[in-house]
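Given next are the chains, with one letter for each unit.
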Amino acid sequence: MTLKELKAGQSAVIEAVGGEGALRQHFLDMGVIPGAEVTMLKLAPMGDPMELQIHGYSLTLRLADADRIEITPLSEKSAVAAQKKKKSKSHHPGLGEGGIFHAKGDGDPLPDDEQLTFALVGNQNCGKTTLFNRLTGSNQHVGNFPGVTVDRKDGPIKGYPNTLVTDLPGIYSMSPYSSEEIVSRNFVLDNKPRAIINIVDAMNIERNLYLTMQLLEMNIPMVVALNMMDEVSGNGGSVDINSMEQLLGVPVVPISASKNKGVDELIDHALHIAHYQERPLQQDLCDERHKNGAVHRCLHGIIALIDDHAKSAGIPVRFAASKLVEGDKLILRQLQLDENEQEMLEHIISQMEKERGLDRSAAVADMRFAFIRRICDETVIKPHESKETIRSRRIDKLLTGKFTAIPAFIAIMILVFLLTFNVIGAWLQGLLENGVDLLTKAADSALVELGINETIHSLVIDGIFAGVGSVLSFLPVIVTLFFFLSLLEDSGYIARVAFVMDKLLRKIGLSGRSIVPLLIGFGCTVPAVMSTRTLPSERDRKMTILLTPFVSCTAKLPIYAFFVSAFFPKRGGLIMAGLYILGILMGIVTALLYRKTIFRGEAVPFVMELPNYRMPSFRNVVQLLWEKAKDFLQRAFSVILIATVVVWFMQNFDFGFNMVKDSENSILASVAGLLEPVFRPVGLGNWRIVTSLITGFMAKESVVSTLEVLFGGNVGAALTTAGAASLLVFSLLYTPCVAAIAAVKRELGKKWAFTMVIFQCTVAWAAALVIKFICLCLGVN
Amino acid sequence: MNIYDIIILVCIAAGLFLAVRSTLKQKGKGGCCGNCSTCHQCKSCTK
């Protein structure tokens, strides 16, 4: 029987995990290992994926992947009986108290003036960002890890300027499955931080300690921060800190990052182990008594075999050995083993597989989980089902319920959009626009008073103030949208949206998580592109970014409103809705095309944790908003300022660099004139229309204002109804504005941004031609 | 051209210079210090 066949509420024991490669390794790393108990919770509203309970947390899995996992159903009795265990009581520190692990002041200390660097490592949803904010305060620098678009945050610990904590992405293991895992692994191996702060969610301790096991193998000074201990003790659980310290061989500090408890003790321990370079005492995590000691013998055999290679490659030998058993090709390449050694390695592993009765990856995962089980049996009294879990289950009845999930999702998104684009964001945008207007007027009169040259006056007012000001007015909308999105993300709802929508999006080659950026695209393409950073796969991220321009943003609304009122006053609603639907349909067709050509294959597997719903931290939300605002402002005053000045120059000068009185003689008009024949077949062969479309490249709103200026308010006479229809379709689909292109360029690079502009223009032109043809066939002229 | 014209032009030129430098820095060129393994100041760092 396979996991796919398990009914809701039934439990089973995993017998074998099928599949191959990185995906299978990811299953194992997430705790889906032979012998683990799993309970099926429910199916997503569309029947796929499924939600499971394993090692005390919720995991989602597609049915196709679940079909590869063999199980034996479990009766309820045995499941309950297995949970009853007694713990011996011992004295140990509580939340906010220091442990007794250290004989402080020993070891080989680093020089006092040496910077202490820390890597903050932990699973996703374990409170890592909250702890990072607690450790560093507002003194953070946001950047990128080299070569990948994975956010990197650094900052010194508050009160210790000669320290630097790097917040590594949330990961489940050190296997090279996702770019986050590769980045984290390379950071620890190459940058060699002085110490690791490993944050562990004490409510999900078994799965979180899996990463701890791998970090211990790195042989770098480490302190374990047991987060959410307030929830553990609040729900009747407890952890024997001293015993856990002894078993792990590193200091363990109980903390509550959200309540700022235990963080000072954590800092003390972290500084101490980093300064005195106290490495983990325990690295031999393979018990020689466990299952005939096959894995133990195998790992120690490999350690002896590769010791010299690991030393010369600068990789901790224990870590290298376990990765070789798992079949990690990157480590194998770095070690540069010769042919004999590789052959011997294969023999050792094959013998272990034979003796252990499990394949190599499963055997290593089982070894780690066996060690974790021993630790948990000896030190952890599991909390009863927490208030948070019960609350989450109740909320999920509505938000992921079979008949309520999609209506609830639509209602929440409508509310977010209404508040962003109509109420809060729009109000703030109005305020900022008024502010920019006042400033522009003040600057205008000041320039007049100073008797400034007319050209410079025009550059400052019509160019810089108008251009940067109009882009700047997007800031409140973007900040408000990100405010709501971070609330949804931090509360745990976005993970549910992905769970609910996965089946639908898989049909066009994307995974459930892509729904969020696509929806944001209805508001503004810039934050939509920025929000794709949360997508785990590079392929999905690229594809989602390239599809966002098909989702009509709000800046195009004035264009629709203008032409609909002028040409189709009686069918306004129908035309507007039709345009939105056309955009979505074109996006679907393009996605299917991408799937068959440049983005072949399937979307990433949907192996994802569903965290409990939590109240988002005000501090985290404010910090995120500040980062987004800063990022946008930086861009507004760099790329957009340059582009504004260039367009102003082209609009006001001719090729002889003389200022023109009539914009018909400007460089822009000449360029537009060159493009005029291209637009003639689609009914837009007029330099004024072409110019307005070019200015729409700067900001979509300026299409209408340019048309007004160039046609003197008589655009109706210059266009036919069929021309207006094709102009509407062209505006819907052609290249997004320069701010969006800059965002795409930053995420995917110059080549993709340029390709996207060309592709969108081509698609828009072809669609406009088809619309014109349809209009002519219908007798509309 | 009066003195104010010159001051404004100098300010705009300085602003454009800073904007170009910042843009190049964001591209990982020009403004890149070359010490990417420890810097990461430029957001499109690819080294």
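Heads up: the structure comes first, above all this text.
Residues numbered from 1 in each chain as written. Chains lettered and ligands numbered in written order. Predicted model: local features only at pLDDT ≥ 70, side-chain atom pairs only at ≥ 80, totals over all residues. Heavy atoms only, no water.

Observations concerning the overall build of chain A
Then, in step 1: Within chain A, the secondary structure is distributed over 33 helices and 15 strands.
Then, in step 2: Going through the 781 residues of chain A one by one, you find that 57% of them count as buried.
Then, in step 3: Taking contacts inside chain A between residues at least 6 apart in sequence as the whole, the part at least 24 apart equals 73%.
Then, in step 4: Summed over its atoms, the accessible surface of chain A is roughly 32,600 Å², and 60% of this surface lies on carbon and sulfur atoms. (Helix = DSSP H or I, 4+ residues; strand = E, 2+ residues; numbered from the N terminus. Buried < 20%, exposed > 50% of the residue type's maximum accessible area, 1.4 Å probe, protein only. Contact = heavy atoms within 4.5 Å. Areas by Shrake-Rupley, 256 points an atom, 1.4 Å probe, with all protein chains shown as cover.)

Section: the packing of helix 16 (residues 405-449) of chain A against helix 19 (residues 493-506) of chain A
Residue and element names in this part refer to chain A.
Then, in step 1: Close contact between helix 16 and helix 19 brings their axes to 11 Å; oriented N to C, the two are set at 130°. Between helix 16 and helix 19, the angle falls in the class oblique. Along this stretch, helix 16 crosses helix 19, giving a crossing that reads as left-handed. Along its contact with helix 16, which presents Ala-405, Ile-406, Ala-408, Phe-409 and Ile-412, the element helix 19 presents Tyr-493, Val-497, Val-500 and Met-501.
Then, in step 2: Residues that form the contact of helix 16 with helix 19 fall into these classes: 9 nonpolar, no polar and no charged. (Axes fitted to C-alpha atoms, helices over the stretch in contact; angles between N-to-C directions. Parallel < 35°, antiparallel > 145°, perpendicular 65-115°, else oblique. Left-handed = near helix turned anticlockwise from the far one by under 90°. Nonpolar A, V, L, I, M, F, W, Y, C, P; charged D, E, K, R; others polar.)

Quick look at empty space enclosed by the protein
All names here are of chain A.
Then, in step 1: Scanning the entire structure with this criterion turns up 4 cavities of 30 Å³ or more.
Then, in step 2: Approximately 120 Å³ is the volume found for the largest cavity.
Then, in step 3: Looking at the largest cavity, it is lined by 17 residues, and the ones nearest its centre are Cys-524, Thr-525, Cys-553, Ala-555 and Cys-737.
Then, in step 4: At the level of elements, helix 21 (525-531) and helix 32 (738-748) are the ones that each hand at least two residues to the lining of the largest cavity.
Then, in step 5: Split into classes, the residues belonging to the lining of the largest cavity amount to 12 nonpolar, 3 polar and 2 charged.
Then, in step 6: Both domains that furnish three or more residues to the lining of the largest cavity are identified here as domain 4 (407-554 + 569-600) and domain 5 (634-777). (1 Å grid on protein atoms, 1.4 Å probe; cavity = no way out; pocket = protein on both sides within 12 Å on 5 of 7 lines; lining within 4 Å. Points joined across faces, edges and corners; volume = space filled by probe spheres on them. Domains from an automatic or database assignment.)

Focus on a nonpolar patch on the surface
Then, in step 1: A cluster of nonpolar side chains, Val-423, Ile-424, Trp-427, Leu-428 and Leu-431 of chain A, forms an exposed patch at the surface whose accessible area comes to about 460 Å².
Then, in step 2: Here Val-423 of chain A is to be found in helix 16. (Patch = residues over 30% accessible without salt bridge, like charges linked within 9 Å, V, L, I, M, F, W, Y side chains within 5 Å. Salt bridge = Lys/Arg side-chain N within 4 Å of Asp/Glu carboxyl O.)

Topic: the packing of aromatic side chains
Residue and element names in this part refer to chain A.
Then, in step 1: Tallying each qualifying case throughout the model produces 14 aromatic pairs over all chains.
Then, in step 2: Ring centres of Tyr-594 and Phe-599 lie 5.6 Å apart, and the angle between their planes is 90°; on these two criteria the pair is classed as edge-to-face. Accessibility classification places Tyr-594 together with Phe-599 in one group, the buried group.
Then, in step 3: Taken together, the aromatic side chains of Tyr-594, Phe-599, Trp-752 and Phe-759 make up a single cluster linked through ring pairs. (Phe/Tyr/Trp six-rings, centres within 6.5 Å; stacked < 30°, edge-to-face > 60°.)

Some details on the nonpolar core
Residue and element names in this part refer to chain A.
Then, in step 1: With 105 residues, the main nonpolar core has Val-526, Phe-563 and Leu-684 as its most contacted residues.
Then, in step 2: Looking at which domains feed residues into this core, each of domain 4 (407-554 + 569-600) and domain 5 (634-777) supplies at least three.
Then, in step 3: Membership of the second largest hydrophobic core comes to 95 residues, among which are Ile-14, Ile-33, Ala-66 and Ile-241. (Core = buried A, V, L, I, M, F, W, Y, C linked by side-chain atoms within 4.5 Å.)

Some thoughts on helix 13 (residues 339-356) of chain A
Residue and element names in this part refer to chain A.
Then, in step 1: Here helix 13 contains 18 residues, and its C-alpha end-to-end distance of 26 Å stays within 8% of the 26 Å for a straight helix at 1.5 Å per residue.
Then, in step 2: All buried positions along helix 13 are accounted for by Glu-341, Leu-345, Ile-349, Met-352 and Arg-356. Taken down its axis, helix 13 places every buried residue within 70° of arc, on the same side. Among the exposed residues of helix 13, those oriented more than 90 degrees off its buried face are Glu-339, Asn-340, His-347 and Lys-354.
Then, in step 3: Buried residues belonging to helix 13 abut helix 10 (294-313), helix 11 (317-325), helix 12 (329-335) and helix 14 (360-379).
Then, in step 4: The N-cap residue of helix 13 is Asp-338: its side-chain oxygen and the backbone nitrogen of Asn-340 are 3.2 Å apart.
Then, in step 5: At the exit of helix 13 stands Gly-357, carrying a positive phi of roughly 75°. (Expected span 1.5 Å × (residues − 1). Arc of directions from axis to C-beta. Polar contact = N/O pair within 3.5 Å; in protein donor to acceptor, adjacent residues only side chain to side chain.)

Thoughts on the sheet that holds strand 2 (residues 37-43) of chain A
Residue and element names in this part refer to chain A.
Then, in step 1: Pairing is antiparallel in the open sheet, where 6 strands are placed in the order 5-1-2-3-4-15. Every interior strand has two partners, whereas the edge strands, strand 5 (69-74) and strand 15 (608-609), have only one.
Then, in step 2: As judged from the 6 bridges shared by strand 1 (residues 11-17) and strand 5, these two strands associate in the antiparallel manner. Along strand 5, the bridge assignment pairs Val-13 with Thr-72. (Pairing = 2+ DSSP bridges.)

Some points on the pairing of strand 2 of chain A
Residue and element names in this part refer to chain A.
Then, in step 1: Note: strand 1 against strand 2, 3 bridges, orientation antiparallel. For Ala-12, the partnering residue across the bridge sits in strand 2 and is Val-38.
Then, in step 2: Across 5 bridges, the pairing between strand 2 and strand 3 (residues 50-54) is antiparallel. Pairing of Lys-42 across the sheet is with Glu-51, part of strand 3.

Quick notes on helix 31 (residues 721-733) of chain A
All names here are of chain A.
Then, in step 1: In this model helix 31 runs 19 Å from its N-terminal to its C-terminal C-alpha over 13 residues, within 8% of the 18 Å that 1.5 Å per residue would give.
Then, in step 2: Within helix 31, 12 of the 13 residues are buried, leaving the element largely enclosed by the surrounding structure.
Then, in step 3: If you check which residues of helix 31 are buried, you get Ala-722, Gly-723, Ala-724, Ala-725, Ser-726, Leu-727, Leu-728, Val-729, Phe-730, Ser-731, Leu-732 and Leu-733.

Describing the state of the cysteines
Residues and elements named next belong to chain A.
Then, in step 1: Tallying each qualifying case throughout the model produces 0 disulfides over all chains.
Then, in step 2: Here Cys-298 stays free of any disulfide, with the sulfur of Cys-286 as its closest cysteine sulfur at 9.1 Å.
Then, in step 3: Exposure remark for Cys-298: the relative accessible area of 3% places this residue in the buried category. (Disulfide = S-S within 2.5 Å.)

Quick word on unusual backbone geometry
Residue and element names in this part refer to chain A.
Then, in step 1: The omega angle of the peptide bond from Asp-48 to Pro-49 is 0°, so this bond is cis rather than trans.
Then, in step 2: As for its position among the elements, Pro-49 is in the loop between strand 2 and strand 3.
Then, in step 3: Phi is positive for Met-228, close to 60°, though the residue is something other than glycine.
Then, in step 4: By secondary structure assignment, the location of Met-228 is in the loop between strand 11 (222-227) and helix 7 (229-234).
Then, in step 5: Judged by its relative accessible area of 8%, Met-228 falls in the buried class.

What to know about the pairing of strand 6 (residues 116-122) of chain A
Residues and elements named next belong to chain A.
Then, in step 1: Most of strand 6 sits out of view: 6 of its 7 residues are buried.
Then, in step 2: Examined bridge by bridge, strand 6 and strand 9 (residues 160-167) share 5 bridges and lie parallel to one another. The residue of strand 9 that forms the bridge with Phe-118 is Val-165.
Then, in step 3: Two elements, strand 6 and strand 10 (residues 195-201), share 5 bridges in a ladder whose sense is parallel. Along strand 10, the bridge assignment pairs Gly-122 with Ile-199.

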